[in-house]
Amino acid sequence: MRMGNTKIRTAKEEDAERLLGIYAPYVTDTAITFEYEVPTVDEFRQRIRNTLKKYPYLVAEDEEGNLTGYAYANTFKGRAAYDWTVETSIYVKQGETGKGLGRLLHDALRKDLQQMGILNMCACISAPRKATDRGAHSWKDEDPYLTDNSILFHSHLGYRMVGRFMQCGYKFGHWYDMVWMEKHIGNHTEKVEPVRFYGMETEISL
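None of the values given here were measured: they were computed from a predicted structure.

1. Thoughts on the overall build of the protein
- Looking only at helices and strands, one finds four helices and eight strands in the protein.
- Shown N-terminal to C-terminal, the secondary structure of the protein runs as helices and strands in the order β-β-α-α-β-β-β-α-β-α-β-β.
- Counting the 206 residues in the protein, one finds 42% classified as buried.
- Nonlocal contacts in the protein, meaning residues at least 24 apart in sequence, comprise 68% of its contacts between residues at least 6 apart.
- Counting only carbon and sulfur atoms, one obtains 48% of the accessible surface of the protein, whose full area is about 11,400 Å².

Following this line, the structure appears as structure tokens:
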């Protein structure tokens, strides 16, 4: 899948250092992820390896070979009954947002998941609390670490809100909510085919 000079391809373990470079500012400067410490390159490489055992892990690459974002799916719950549902994550390099890369990555991920037989895409999203709930003097006092942009992004992609957990995440001295959003990408029939898990040797057309 391509958009202009950007192509989407399957991640490789050797991409780990550059992908970590995309992810690290989200850890250190935002509450988009609730992770406190930036993982090591080896740990990040292991995450890629483990994901690709079952699910797609995709990267956006420009014509010069620069990586500008990535997206992957992972287990929603460990029980077999949840096989047809995944949790998804999308990260775009800071400075490259607002250019359609997030949608491009999401659509490529959705296509791969549909080919696998996945029916539900779920997103776990950190959410800022209302300014008045945070003790701010005005609704205009924005949280410095988090906005509703991810929620709005998923809404535009057809996700619906299914739940909100209040003050369940704490980072940078702030309490944050967490929301679940979901998108159905297949038909829920009485008889369903087993999911065809990705596997590192699997080639799925982009």
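The structure having been displayed, the exposition proceeds.
2. Section: the pattern of salt bridges
- According to the stated counting rule, one finds 13 salt bridges in the structure shown.
- Each member of the salt-bridge network shares a partner with another, and the members are K7, R9, D15, R18 and E61.

3. A closer look at the pairing of strand β5 (residues 85–92)
- Counting buried positions over the eight residues of β5 gives six, a clear majority of the element.
- Where strand β4 (residues 67–75) meets β5, seven bridges bridge the pair, whose relative direction is antiparallel. Its bridge partner lying in β5, N74 is registered against E87.
- Where β5 meets strand β6 (residues 120–127), three bridges bridge the pair, whose relative direction is parallel. Looking across to β6, one finds that V86 is bridged to M121.
- At this point the chain moves from β5, through helix α3 (residues 101–116), to the parallel β6, and the crossover so formed is right-handed.

4. Remarks on the side chain of E182
- Tracing the sequence through the fold places E182 in strand β8 (residues 174–184).
- A polar atom in the side chain of E182 sits 2.5 Å from the side chain of R160.
- Setting aside residues up to four positions removed in sequence, E182 forms contacts with M121, C122, G158, Y159, R160 and V162.

5. Observations regarding the packing of aromatic side chains
- Applying the stated rule across the entire model yields 14 aromatic pairs.
- A ring pair is formed by Y55 and F197, whose centres lie 5.8 Å apart and whose planes are at 90°; its orientation type is edge-to-face. With Y55 in the loop between α2 (41–52) and β3 (57–61) and F197 in the segment after β8, the pair connects residues that are 142 residues apart, well separated along the chain.
- Overall, F197 belongs to the partly exposed group, its relative accessible area being 30%.
- Taken together, the ring pairs connect Y23, Y26, F44, Y57, Y70, Y72 and Y91 into an aromatic cluster.
- We note K54 situated over the ring of F197; from NZ or CZ to the ring centre the distance is 4.4 Å.

6. A look at the side chain of K171
- If you trace the backbone, K171 turns up in strand β7 (residues 160–171).
- Buried charge without a salt bridge: K171, with E35 as the nearest opposite-charge side chain at an N-O distance of 7.8 Å.
- Of the polar contacts made by the side chain of K171, one reaches the backbone oxygen of T30; its length is 2.9 Å.
- A polar side-chain atom of K171 sits 2.8 Å from the main-chain carbonyl oxygen of T33.
- Not counting residues within four places of it along the chain, the set of residues in contact with K171 comprises Y26, V27, T30, A31, T33, F34, E35, Y36 and Y176.

7. Notes on unusual backbone geometry
- Even without being glycine, Q167 reaches a positive phi, approximately 50°.
- Relative to the helices and strands, Q167 resides in strand β7.
- Non-glycine residue F172 carries a positive phi angle of around 55°.
- Within the element layout of this structure, F172 appears in the loop between β7 and β8.
- F172 gets classed as partly exposed once you look at its relative accessible area, which sits at 32%.

8. Looking at the nonpolar core
- By size, the foremost hydrophobic cluster in this structure holds 45 residues, and its most contacted members are L19, F44, I48, Y57, Y70 and L113.
- Listing elements by their share of this core, those giving two or more residues are α1 (16–29), α2, β3, β4, β5, α3, β6 and β8.
- Residues in contact with L19, not counting those within four places in the same chain, are A11, F44, I48, Y57, V59, L67, G69 and Y70.

Basis of the calculations
- Residues numbered from 1 in each chain as written.
- Predicted model: local features only at pLDDT ≥ 70, side-chain atom pairs only at ≥ 80, totals over all residues.
- Heavy atoms only, no water.
- Helix = DSSP H or I, 4+ residues; strand = E, 2+ residues; numbered from the N terminus.
- Buried < 20%, exposed > 50% of the residue type's maximum accessible area, 1.4 Å probe, protein only.
- Contact = heavy atoms within 4.5 Å.
- Areas by Shrake-Rupley, 256 points an atom, 1.4 Å probe, with all protein chains shown as cover.
- Salt bridge = Lys/Arg side-chain N within 4 Å of Asp/Glu carboxyl O.
- Pairing = 2+ DSSP bridges.
- Right-handed = clockwise from strand over helix to strand, strands pointing away.
- Polar contact = N/O pair within 3.5 Å; in protein donor to acceptor, adjacent residues only side chain to side chain.
- Phe/Tyr/Trp six-rings, centres within 6.5 Å; stacked < 30°, edge-to-face > 60°.
- Lys NZ or Arg CZ within 6 Å of the ring centre and 35° of its normal.
- Lys, Arg positive; Asp, Glu negative; His and termini not counted.
- Core = buried A, V, L, I, M, F, W, Y, C linked by side-chain atoms within 4.5 Å.

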